[in-house]
Amino acid sequence: MNTYFIYSIIGLILGTTGCSAADLPPYRLDGKVEPRHYDLVINTGLETDEFKFWGSALIEIACIEETDRIAVHSHNLVIDESHVTLTQALNPENLKKFNIASHSYDKENEYYIAQTDSKLQAGQNYSLFIPFSGVMPDDLAGFYRSSYTDSKTNETKWLGVTQFESTDARKAFPCFDEPKMKATFTITIGHPEKYTSLSNMPLEETIPMPNKPGWVQDKFQKSVPMSTYLVAWMVSDFTHKEATMTEGGVTFRVWAREEAVNQTDFANQFGPKVLSYYEEYFDTKYPLPKQDMAAIPDFSAGAMENWGLITYREVLLLFDPKASSSLNQERIASVIAHELAHQWFGNLVTMEWWTDLWLNEGFATYVATIGLHHLNPEWNSLVHEVTENMLAVFRLDSLQSSHPVSVPIGHPNEIAQIFDNISYEKGSCIIRMMNQFLGEDVFRAGVTLYLSKHKFGNARQDDLWAALTEIAHERGVLDPDVTVKMIMDTWTVQTGYPVLSVVRNYETGDISVSQRRYLGIEPSAEERSLQEACWRVPLSYTYQEIADFSETKPEKWLTCEGPLNISTFGASEDQWIIFNIQVSGLYRINYDLKNWNLLAGALNDESSFKKIHPLNRMQLIADAMDLAWMGDLEYKTAFSVCRYLSHETEYVPWSSAASALGQIDTMLRRTANYGYFKNYIRELVSSAFKRSGPLTETPKGFEAIKMKNLVTGLADKYEIGDFKDQALQLFKKWYNHKNSDTVNPIPKDIRGRIYCTAIKNGGDEEWAFLWARYLKSNLATEKSTILSALGCSRKVWLLNRYLEWSIDKTSGIRSQDAASVFSSVAYNEVGFSLAKEFFAQRVADIFAYHGAKNSRMGSYVKVLANQMISRAEYDEMKELTQKHEEYLKFSGLSVKQALESIDINARWHSKHYAAIPDYLSPSL
């Protein structure tokens, strides 16, 4: 049976709605009652009440199916059972009270259950009142506590903030905590009057709190219908600069601690502009009267799209033009654009269940790129983002243990693992591909129709396909017998992506195109059946004589019916051909050897290589190196393609090369053959480093800045030219400056490179100096740069201490940064073995340290696995993960992918290692 057909059937089964309560697993709400509105009261004094909170939820519920059981989610809350009530308003003056026969708790599935002694009737509405209390944890989930130190008074300042995605609203209030259970909310926050509270909606009124002198209650306007994971509030002493207004009249404010509020200007200017652009792009008004954004000192995710109150890590919202790099600015803009895109994709229309998380994240990732390009075209985001997304997907999705974009999600503890490159970057790539084959106008019209049909509701991917198909058929873009679903299900409900075999008949001019699934290493006999999957692949192409890279719409389609023959192509036998114009589709291409040689020749010709579009140069490098890795292309050919980089001047191809060559670096850097590879890289990069100019010279233009940052990183790693001498001189100048806390002469765009080089070549004093700058810095982007650089040390005792500090809450390293510190040490040649030993010995402590977010354990395993290259190391990691299975129970997918990565590395090493000197000989 055709593999795609199998996945289609699975997709139909998983996408089925309308299941009876008996068909649903116990961790799903039975759907017999649904919420319509919450009156939610939350009170907290933060540190004055030992971080306790208390309140009540009055939930208006509709009975869908007769029942005497009401289950709501509740986790780590104390329910005041004696005051729980269930009533029904028979008329304005007649309130019927139901007797609650019993209260019970399902701890495994996180339910509070009220059993009534009489049935609730279908079609009737009821009111459920639940008083509750809890304690604000410091695990960055639910309604949790965060803090910062006021540098003027050295006083610890506290705040309370929420983070509910995916299933942590139940830690803050009893609720129907599934995305389909949308309702409106009226939220009231009680707190000491020295604090300010924020929520999703604008403040309606503030009144003194009864029986609480010095306290107030802030009541917020009634919300639009939304899922519980988007509910948000914050209690803090934060402030903001003057509010701005969007063109549509939306009030926009950016909140931060007082000492950082001067770093909010960029977000305050960029946010309203991108919000206004999205209203135009989606042809759908933003439905709330305000949009707040807040920079949180302790925050688990990068940012969270809560409707009307978006929360961010400080490093992804706050920007100082004098000290933050251009790359910081681009990243901040990208995250802001991503979160604001969610206000439509995710908030206005929400997935029915987490299976279609990619509808939220893939769309937000793609649309963020469009927003960036619209407002800052000089950043070249449409090209750079495609490169970064494609390279990320190519690597992860080549694993057998990858997962579909639309991934079957069962128990909620599986959800955290799919917030990965597949949901985000692959989702973005296939949406871009869809835009390319439908055309921008059809795509936008289809998206607008989808939003219009499902606004304030929920949807599945089939609903999006239906809206796009409707417009595509109306405008004649797709044949009447072809639907978007027929095309896109091949990309969303099965794992992986194709590699096309493009073979030319040089006598007739015909071309044969076939497909199979790309796997990360040459498959064994048992694995070959995995390659039988197929996709509907849009084909665009050009050849040397015309070299037209402007038309990205497909000229042909490769389907599941077998190889496609293209005749009358037009290219003579001595001219190259290229498929996938501007990388408009998510697939690799393996050409016949003669065409590869023609392409290598063209690239190595300084007078003609720029006739090939930068994105296609990027893909040629990625495909050549990864096909050689897999065993489908000789490394001699792949390195011949890469050799042209000595005269390449654009960032995108270099980015591709750095990624591909970095993979080989990992295979070799702990081996005797590493010297051959270092010499090859030095020869390749030396010209680019010379062109980049002195380290003190700031390039003009964003593209040039990114290029210099990349090249200096390679110069640092491979000790090219006089980089080290320049870097150490710059650091010494800063180190010796009498005002080093406030004056930094190192160019802001390459500080990370300079810091790392100085720490790597320095000793205890340099490390202590940089650590002191970390503790004193008021800028999150600078603190993040320093944390990464401190892991570059070659001093064993410093690295061991740094690892210990990463899980010590008194060290000054925030818990959100612990995994990043571990990564910075583990990727250090000296630090790898130390990090491996630290993880093995302290795995229980690391698990406990991350608390509710211990799905992060998988990132520790992956960092180590990526650098393991032998069968012995595979056995070592397998034994370690089995021994500590208890601590990795929420990271099963990551562990599986990590072990597969080591297996692939070991197989590569066995096949290719001995031939490295031949591959990299000067004759190439």
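Residues numbered from 1 in each chain as written. Predicted model: local features only at pLDDT ≥ 70, side-chain atom pairs only at ≥ 80, totals over all residues. Heavy atoms only, no water.

(A) Here's a closer look at the overall build of the protein. When its secondary structure is counted, the protein shows 26 helices and 32 strands. Relative to the 2.2 N^0.38 estimate, which gives 29 Å for 924 residues, the radius of gyration of the protein is 29 Å and therefore close to what a compact globule would have. Along the longest, intermediate and shortest principal axes, the C-alpha atoms of the protein span 90 × 75 × 55 Å. Scored against the burial criterion, the 924 residues of the protein give a buried share of 60%. (Helix = DSSP H or I, 4+ residues; strand = E, 2+ residues; numbered from the N terminus. Rg over C-alpha atoms; globule rule 2.2 N^0.38 Å. Buried < 20%, exposed > 50% of the residue type's maximum accessible area, 1.4 Å probe, protein only.)

(B) View of the sheet that holds strand β25 (residues 498-504). In space, the four strands of this open sheet follow the order β30-β26-β25-β32, with mixed pairing throughout. Single-partner strands in this sheet number two, and they are β30 (564-566) and β32 (588-591). This sheet shows a mean twist of 25 degrees between the axes of neighbouring strands, independent of strand direction. Here β25 pairs with β32 via four bridges, running parallel. Each bridged residue has a counterpart across the sheet, and for Ser501 the counterpart in β32 is Asn590. Against the sheet, helix α10 (residues 593-603) touches β25 and β32, its axis set at about 105 degrees to β32. In this fold helix α11 (residues 614-630) packs onto β25, β26 (511-517) and β32, with an angle of close to 75 degrees to the strand it touches most, β32. (Pairing = 2+ DSSP bridges. Axes fitted to C-alpha atoms, helices over the stretch in contact; angles between N-to-C directions. Contact = heavy atoms within 4.5 Å.)

(C) Molecular detail of the state of the cysteines. One pass over the structure, following the stated rule, counts two disulfides. Between the sulfur atoms of Cys534 and its disulfide mate Cys560 the distance is 2.0 Å. Of note, the bridge from Cys534 to Cys560 carries an S-S torsion of about 100 degrees and is right-handed in sense. Of the two residues, Cys534 is situated in the loop between β26 and β27 (537-539) and Cys560 in the loop between β29 (556-558) and β30; the sequence distance between them amounts to 26 residues. The disulfide that involves Cys756 links it to Cys792, with 2.1 Å between the sulfurs. Here the S-S torsion is close to -105 degrees, and the disulfide linking Cys756 with Cys792 is therefore left-handed. Remark: Cys792 occurs in the loop between α19 (780-790) and α20 (796-806) and Cys756 occurs in helix α17 (residues 751-761); sequence separation between them is 36 residues. Residues Cys756 and Cys792 agree in their burial class; the two are buried. Sequential numbering of the bridged cysteines in the protein gives the disulfide pattern 1-2, 3-4. (Disulfide = S-S within 2.5 Å.)

(D) Structural context of the UniProt feature "binding site: Zn(2+)" (unreviewed entry) in the protein. Per the UniProt entry, the sites bearing "binding site: Zn(2+)" (unreviewed entry) are His338, His342 and Glu361 in this numbering. For the annotated residues, spread through 24 residues, the largest C-alpha to C-alpha distance comes to 8.4 Å, consistent with a single compact locus. Considering the arrangement of structural elements, one finds His338 in helix α3 (residues 326-341). Residue classification places His338 among the buried residues on the basis of a relative accessible area of 10%. (UniProt positions renumbered as here; feature names shortened; annotations may be inferred.)

(E) Representation of the packing of helix α22 (residues 831-850) against helix α23 (residues 857-865) within the structure. The N-to-C vectors of α22 and α23 enclose an angle of 175 degrees; their axes lie 10 Å apart at closest approach. Relative to α23, the element α22 lies roughly antiparallel. Taking contact as the criterion, the partners of Phe832, Ala835, Lys836, Phe839, Val843, Ile846, Phe847 and His850 in α22 are, on α23, Met857, Tyr860, Val861 and Leu864. For the contact of α22 with α23, a count of residues per class yields 10 nonpolar, one polar and one charged. (Parallel < 35°, antiparallel > 145°, perpendicular 65-115°, else oblique. Nonpolar A, V, L, I, M, F, W, Y, C, P; charged D, E, K, R; others polar.)

(F) Layout of the environment of Val33. Within the secondary structure, Val33 is located in strand β1 (residues 33-44). Considering only alpha carbons, one finds Val33 and Met181, 148 residues apart in sequence, at a separation of 9.7 Å. Those residues in contact with Val33 that lie beyond four places of it in its chain are Ile61, Ala62, Cys63, Ile64, Thr67, Ile70, Leu120, Phe176 and Met181.

(G) The side chain of Thr542, seen in detail. Inspection of the secondary structure puts Thr542 in strand β28 (residues 541-543). Only 3.1 Å separates the side chain of Thr542 from the backbone nitrogen of Asp548, close enough to count as a polar contact. With residues up to four places along the chain from it excluded, the contact list for Thr542 reads Ala547, Asp548, Phe549, Phe569, Trp576, Ile577, Ile578 and Ile581. (Polar contact = N/O pair within 3.5 Å; in protein donor to acceptor, adjacent residues only side chain to side chain.)

(H) Looking closely at helix α25 (residues 892-912). The terminal C-alpha atoms of α25 lie 30 Å apart, and with 21 residues this matches the ideal 30 Å at 1.5 Å per residue to within 8%. Among the 21 residues that make up α25, 16 are buried, leaving the element largely enclosed by the rest of the structure. (Expected span 1.5 Å × (residues − 1).)

(I) Structural context of the pattern of salt bridges. Following the criterion strictly, the structure yields 44 salt bridges and no others. One salt bridge connects Asp150 with Lys157, and the closest N-O pair in it is separated by 3.5 Å. Taken as a pair, Asp150 and Lys157 share a single burial class, namely buried. With its nearest N and O atoms 2.8 Å apart, the salt bridge here joins Arg871 to Asp903. Of this pair, Arg871 sits in helix α24 (residues 871-883) while Asp903 sits in helix α25, and the two are 32 residues apart along the sequence. According to the relative accessible area criterion, Asp903 is buried, its value standing at 17%. (Salt bridge = Lys/Arg side-chain N within 4 Å of Asp/Glu carboxyl O.)

(J) Quick peek at the environment of Gln461. Looking at where Gln461 falls in the secondary structure, it is placed in helix α8 (residues 461-474). Measuring from C-alpha to C-alpha, the distance between Gln461 and Asp218 comes to 39 Å, with 243 residues separating the pair along the chain. In this view, Gln461 contacts Asp356, Trp358, Leu359, Ser406, Asp489, Thr492 and Val493; residues no more than four positions away in its chain are not counted. Looking at Gln461, its side chain comes within polar contact range of the side chain of Thr492, at 3.1 Å.

(K) Here's a closer look at the sheet that holds strand β16 (residues 233-236). With antiparallel pairing, four strands are arranged side by side in an open sheet as β10-β11-β16-β13. Looking at the sheet topology across the chains shown, the edges are occupied by β10 (142-150) and β13 (196-199). The average angle at which neighbouring strand axes cross in this sheet is 15 degrees, direction not considered.

(L) Molecular detail of unusual backbone geometry. Looking along the chain, the bond that leaves Glu165 and enters Ser166 is cis, with omega of 5 degrees. Despite not being glycine, Asn76 has its phi angle at roughly 60 degrees, a positive value. Within the secondary structure, Asn76 is located in the loop between β3 (67-73) and β4 (78-79). The residue Leu140 is not glycine, and still its phi comes out positive at about 65 degrees. Its location among the elements puts Leu140 in the loop between β9 (125-135) and β10. Classification of Leu140 by relative accessible area gives buried; the value is 6%.

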